[in-house]
Amino acid sequence: MRALNEHGETAGGWGQELDPEAWLWLAGVDYVSGWRAARIAATDVNALLAQCGVERAQLRAVAATDEQGRGFVKLVGLPQGWLRLEELLQIAATYHPENQRKLTDRH
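Presented here is an overview of the structure given in this document.

What counts and how
Residues numbered from 1 in each chain as written. Predicted model: local features only at pLDDT ≥ 70, side-chain atom pairs only at ≥ 80, totals over all residues. Heavy atoms only, no water. Salt bridge = Lys/Arg side-chain N within 4 Å of Asp/Glu carboxyl O. Helix = DSSP H or I, 4+ residues; strand = E, 2+ residues; numbered from the N terminus. Patch = residues over 30% accessible without salt bridge, like charges linked within 9 Å, V, L, I, M, F, W, Y side chains within 5 Å. Areas by Shrake-Rupley, 256 points an atom, 1.4 Å probe, with all protein chains shown as cover. Pairing = 2+ DSSP bridges.

Some points on the pattern of salt bridges
Within this structure, the stated rule accounts for two salt bridges. As a salt-bridge pair, Asp66 and Arg70 come within 2.7 Å of each other at their nearest N and O atoms. Of the charged contacts, one joins Glu87 and Arg84 as a salt bridge, the two residues approaching to 3.1 Å between their closest N and O atoms. Remark: Arg84 and Glu87 occur in helix H2 (residues 79-94); sequence separation between them is three residues, near one turn of the helix.

Structure representation (structure tokens):
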């Protein structure tokens, strides 16, 4: 049994995706470097989600590695979190800064 921190990750910051029981670890593969790079990206994404009002309990980025040691980030969450992300993406998709510039130039 592994101890989990307040974010549901294993103690020491290792995400559950780096579980040795999840897949066979290959000798000589640097899993830690890939995970560290993914962890930095996941931390940045989580900070941005928080700035947008998305609660960590509803949607969060999680660092992981694949069997070759490549880091990747995935989003995990509840339907409410995904729906909030959909709203944010809709806003971003309809935002056109060039239109804003044209409107402000007229005034």
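Concerning a nonpolar patch on the surface
Residues Val45, Leu75 and Trp82 make up a contiguous nonpolar surface patch of about 220 Å² in total accessible area. When you line up the elements, Leu75 lands in strand S2 (residues 71-77).

Observations concerning the pairing of S2
Consecutive side chains along a regular strand alternate between the two faces of the sheet. Direction of pairing for strand S1 (residues 59-65) relative to S2: antiparallel, over a ladder of seven bridges. Residue pairing in the sheet places Arg60 in a bridge with Val76 of S2. What sits between S1 and S2 in their antiparallel hairpin is a turn of five residues, with Gly69 showing a positive phi close to 90°.

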